[in-house]
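Given next are the chains, with one letter for each unit.
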Amino acid sequence: MYSPQHVLVAGGAGYIGSHVCKELSRRGYVPVVFDNLQYGHTDLVRWGDFILGDLGDPEQVRLAFSRYPISAVMHFAAYTFVGESVAEPDKYYNNNVTCTLNLLRTMHEYGVDRFIFSSSAAVYGEPKVMPIPEEHPQWPINPYGWTKFMVERIIDDFGRAYGLKSAALRYFNAAGADPDEETGERHDPETHLIPLVLQAAMGLRKNITVFGSDYDTPDGTCVRDYVHVADLADAHVLALEYLDDQSGKGNAHVFNLGNGQGFSVREVIETAKKVTGIDIPVATGERRAGDPSRLVASSDKVRKVLGWTPRYADLEQIVKTAWDWHRKDSNKDQTS
Ligand code: UDP
């Protein structure tokens, strides 16, 4: 009898994890969300069962594997604030590396050999070439980036030693929201450009501050590669299927996840003005420490090897889905 594959989604109550759960479910998998709810939200767990648990507690992790016939793991549970990682490296290495090791150890114990890892463009550090290919040298410039770098090394070694098959997906700037408005971005504190611009549009903050206007870019503001979260989700399922097709053991793959297209902070703000029809107040501030002027992915590998084609590569679509979600989500707060 056919039984659908259960995929443990660590951090599945968060922004990217919840979109991936939706996509897994749509493609016939059974997501099982494991989340400590420090940054996750139960109302975003809409696809599959939920286990309240912490990766820091090996017993809680074991419980998930003993309760469900897990055949693969996707791991989104990490701290992501770069500045905080500089101020509190212990917290970051513990959560992002040690807790991941607990998860990997338990997978090994239960014979689960497929792992999809949320990595980051932060593993490259200051880019030397643009767009950035996967073979670009890796020298992160903050502890957050090093935690991602270290987990990539660990899963590579687990592959060689224990036969773990893995894909590390190096995200560029995840943005947008589920086009059906069933899930979306809700960070507290919010530090990302697009949600902050939209908060300014809604009057929830007085303006958006552009962090630096003297970069060596066409309009002087930083350029980033914004990739729609639904396209990210799609890539995760493609990566899982790719690992399934790989014969042999111990394959550690890495893929950039970006559209290969850069937009400046000013272009994002102009797009948001157009999408919302609101003249969003803009202030210009100092550069934010640690921001490279340009980060654009080479997306050749993910397109070629996984057959990934982004459906929402257009910046206007990305901002529009985010805008629809933020309006809906803020109304929910007022009515609940
Ligand atoms: N940014 C900005 N004002 C803000 C937040 C972000 O100008 O209030 C800029 C930031 O300097 C970067 C870009 O927007 O160049 C994207 O930043 P975000 O924090 O969204 O993502 P990151 O690139 O840091 O992962």
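The structure displayed is predicted, hence computed values, not measured ones.

A.B. asks: Could you give me a rundown of the overall build of the chain, with the residues and numbers involved?
C.D. replies: When its secondary structure is counted, the chain shows 10 helices and 14 strands. Here the C-alpha radius of gyration of the chain, 19 Å, is about what a compact globule of 336 residues would show, namely 20 Å. Seen through its C-alpha atoms, the chain measures out along the principal axes to roughly 55 × 50 × 40 Å. Taken across its 336 residues, the chain has 56% of its residues classed as buried. Within the chain, contacts between residues separated by at least 24 positions form 77% of all contacts whose residues are at least 6 apart in sequence. Put simply, the chain shows about 14,500 Å² of open surface, and 50% of that area lies on carbon and sulfur atoms.

A.B. asks: Mind laying out helix H6 (residues 193–201), listing which residues take part and the relevant values?
C.D. replies: With nine of its nine residues buried, H6 lies for the most part within the structure. Listed in full, the buried residues belonging to H6 are Leu193, Ile194, Pro195, Leu196, Val197, Leu198, Gln199, Ala200 and Ala201. Note on H6: the residue one or two positions beyond its end, Gly203, has a positive phi of about 80°.

A.B. asks: Account for the site of the ligand, with residues named and values stated.
C.D. replies: The full set close to the ligand counts 15 residues, and Leu193, Thr209, Phe211, Arg288 and Asp291 are the nearest of them. Between the ligand and the protein, one listed contact pairs a nitrogen atom with a backbone N or O atom of Thr209 at 2.7 Å. One of the backbone nitrogen or oxygen atoms of Phe211 is found 2.9 Å away from an oxygen atom of the ligand. When isolated, the ligand has an accessible area of 510 Å², and the protein chains bury 86% of it. Broken down by secondary-structure element, the contributors of at least two residues to the shell around the ligand are H6 and strand S8 (208–211). The element contributing the most residues to the shell around the ligand is S8, with four residues. A breakdown of the residues in the shell around the ligand according to their chemical character gives eight nonpolar, four polar and three charged.

A.B. asks: How would you explain unusual backbone geometry if you had to name every residue and give the values?
C.D. replies: Residue Pro131 is reached from Met130 by a cis peptide bond, and omega for that bond is -5°. A cis amide bond, omega 5°, links Asp188 with the succeeding residue Pro189. As for its placement among the helices and strands, Pro189 is situated in the loop between strand S7 (173–175) and H6. Even without a glycine there, the phi angle at Leu37 is positive, about 65°. Structurally, Leu37 is set in the loop between strand S2 (30–35) and strand S3 (49–52).

A.B. asks: Provide a residue-level description of the state of the cysteines, including the pertinent values.
C.D. replies: Under the criterion given, the structure shown has zero disulfides. Take Cys21: it sits in no disulfide, and the sulfur closest to it among the cysteines is that of Cys99, at 19 Å.

A.B. asks: So, the pattern of salt bridges: which residues are in play, and what are the values?
C.D. replies: In this structure the tally under the stated criterion is 26 salt bridges. When the shortest N-O distance is used, the salt bridge between Arg224 and Asp291 registers 3.6 Å. Of this pair, Arg224 sits in strand S9 (residues 223–224) while Asp291 sits in the loop between strand S13 (282–285) and strand S14 (294–295), and the two are 67 residues apart along the sequence. Note on accessibility: Arg224 and Asp291 belong to one class, buried.

A.B. asks: I'd love a proper account of the sheet that holds S14, names of residues and values included.
C.D. replies: A sheet is described by the order of its strands in space; here three strands give the open sequence S12-S9-S14, paired in mixed fashion. Of all the strands in the sheet, the pair left with one neighbour each is strand S12 (263–264) and S14. Note: S9 against S12, two bridges, orientation antiparallel. Each bridged residue has a counterpart across the sheet, and for Val223 the counterpart in S12 is Ser264.

A.B. asks: Lay out the packing of aromatic side chains in plain terms, naming residues and giving numbers.
C.D. replies: Using the criterion set out here, one finds nine aromatic pairs in the structure. Their ring planes at 15° and their centres at 6.3 Å tell us that Phe115 and Phe117 sit as a pair that is stacked. Assessed through its relative accessible area of 0%, Phe115 is described here as buried. Arranged with centres 4.9 Å apart and planes meeting at 90°, the rings of Trp139 and Trp146 form a pair that is edge-to-face. By relative accessible area, Trp139 is classed as exposed at 61%. Among the residues examined, Trp146 registers a relative accessible area of 19% and is labelled buried. Three or more aromatic residues joined by ring pairs form one cluster here, namely Tyr39, Tyr79, Phe81 and Tyr92.

Procedures and definitions
- Residues numbered from 1 in each chain as written.
- Predicted model: local features only at pLDDT ≥ 70, side-chain atom pairs only at ≥ 80, totals over all residues.
- Heavy atoms only, no water.
- Helix = DSSP H or I, 4+ residues; strand = E, 2+ residues; numbered from the N terminus.
- Rg over C-alpha atoms; globule rule 2.2 N^0.38 Å.
- Buried < 20%, exposed > 50% of the residue type's maximum accessible area, 1.4 Å probe, protein only.
- Contact = heavy atoms within 4.5 Å.
- Areas by Shrake-Rupley, 256 points an atom, 1.4 Å probe, with all protein chains shown as cover.
- Near = heavy atom within 4 Å.
- Polar contact = N/O pair within 3.5 Å; in protein donor to acceptor, adjacent residues only side chain to side chain.
- Nonpolar A, V, L, I, M, F, W, Y, C, P; charged D, E, K, R; others polar.
- Disulfide = S-S within 2.5 Å.
- Salt bridge = Lys/Arg side-chain N within 4 Å of Asp/Glu carboxyl O.
- Pairing = 2+ DSSP bridges.
- Phe/Tyr/Trp six-rings, centres within 6.5 Å; stacked < 30°, edge-to-face > 60°.

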